[in-house]
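# A closer look at the structure
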Amino acid sequence: MEIKRYPLPPFTMETALQKVQAAEDAWNTKNPETVSLAYTIDTEWRNRTDFINGREEVKSFLQRKWENELDYKLKKELWGFRENRMAVRFEYEWHNAEGQWFRSYGNELWEFDDNGYMQKRFASINDMPIAASERKL
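In this text the structure is predicted, and so the values were computed from the model without any measurement. (Residues numbered from 1 in each chain as written. Predicted model: local features only at pLDDT ≥ 70, side-chain atom pairs only at ≥ 80, totals over all residues. Heavy atoms only, no water.)

Our next topic: the sheet that holds strand E3 (residues 70-82). The sheet built from six strands is open, its strands ordered E2-E1-E6-E5-E4-E3 with mixed pairing. Pairing within the sheet leaves two strands with one partner each, and these edge strands are strand E2 (50-53) and E3. On average, adjacent strands in this sheet sit at an angle of 20° to one another, irrespective of strand direction. Relative to E2, strand E1 (residues 39-47) is paired through four bridges, and the arrangement is antiparallel. Bridging across to E2, Asn47 finds its partner in Asp50. (Pairing = 2+ DSSP bridges. Helix = DSSP H or I, 4+ residues; strand = E, 2+ residues; numbered from the N terminus. Axes fitted to C-alpha atoms, helices over the stretch in contact; angles between N-to-C directions.)

Attention now moves to the layout of surface pockets. Once rolled over the atoms, a probe with the size of a water molecule shows which space is left empty. Reported here for the largest pocket is a volume of approximately 170 Å³. Forming the boundary of the largest pocket are 14 residues, of which Arg5, Lys19, Ala22, Ala23 and Ala38 lie nearest the centre. Put simply, the parts of the chain that give the lining of the largest pocket at least two residues each are helix H1 (13-27) and strand E5 (101-112). With five residues, the single largest contributor to the lining of the largest pocket is H1. (1 Å grid on protein atoms, 1.4 Å probe; cavity = no way out; pocket = protein on both sides within 12 Å on 5 of 7 lines; lining within 4 Å. Points joined across faces, edges and corners; volume = space filled by probe spheres on them.)

Another point: helix H3 (residues 55-68). The terminal C-alpha atoms of H3 lie 20 Å apart, and with 14 residues this matches the ideal 20 Å at 1.5 Å per residue to within 8%. Among all positions of H3, only Arg55, Val58, Lys59, Phe61, Leu62, Lys65 and Trp66 are buried. Projected down its long axis, H3 shows its buried positions confined to an angular sector of 165°, all on one face. Looking at the buried positions of H3, the neighbouring elements they touch are H1, helix H2 (32-36), E1, E2, E3 and strand E4 (85-95). (Expected span 1.5 Å × (residues − 1). Buried < 20%, exposed > 50% of the residue type's maximum accessible area, 1.4 Å probe, protein only. Arc of directions from axis to C-beta. Contact = heavy atoms within 4.5 Å.)

Our focus in this paragraph is the environment of Glu108. Position of Glu108 relative to the elements: it lies in strand E5. Linking Glu108 and Glu24, residues 84 residues apart in sequence, is a C-alpha distance of 13 Å. Those residues in contact with Glu108 that sit more than four places away from it in its chain are Lys76, Met86, Ala87, Val88, Phe90, Arg121, Phe122 and Ala123. Polar contacts involving the side chain of Glu108 include one to the side chain of Lys76, which spans 2.6 Å. Side chain to side chain, Glu108 and Arg121 meet in a polar contact 2.7 Å long. (Polar contact = N/O pair within 3.5 Å; in protein donor to acceptor, adjacent residues only side chain to side chain.)

Further remarks concern the pattern of salt bridges. If you walk through the whole model with that rule in mind, you get 13 salt bridges. The shortest N-O distance in the salt bridge between Glu77 and Arg89 comes to 3.3 Å. Here Arg89 lies in strand E4 and Glu77 lies in strand E3, a separation of 12 residues in the sequence. Of the charged contacts in the structure, one is a salt bridge between Arg103 and Glu93, with a shortest N-O distance of 2.8 Å. Highlighted residues: Arg103 in strand E5 and Glu93 in strand E4, separated in sequence by 10 residues. Each member of the pair, Arg103 as well as Glu93, carries the same accessibility label: buried. (Salt bridge = Lys/Arg side-chain N within 4 Å of Asp/Glu carboxyl O.)

The structure is reproduced here in C-alpha cells:
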C-alpha cells in the first residue's frame, strides 16, 4: 500500500489550490521520476492523441516530451473542483531543437484516489508558435 499523498480528497478550495501548485512545481522540475510519483500505478491518461496507461508509461512519455520540448516552463490554474475531481487550465512555453518557441494552452480533468494520487488525467492541448520576444513565462 502506498503512503498518502496529501492533500487528500474531498478537496476544499485551499487543498485544491495546494494540489494544483504541487503539480505545477513537480512538472517544472522536468524530472519524469518525480512527476510520475504523483500518479497511481495504473493511472489512465489522454494527452492530446496519446493514450497512456500506468506510471511506467507516464515516465517514458515525459522523458520523450522533455527531450523535444526544450526550456519548458509551465503555469497551472485551478478552474473548479468537486470531491475528488478538478478542472485545471494551463499554459506552458518551450522551444524545439530548431529554436522555434511555442506557447501551449490546455485544459486538464483530474481524478484522484482516496490516497491523493491522480488516477485519471485527460488533457486537451493546443500549440501556438511565438517569437522569443513574446515569451511570458
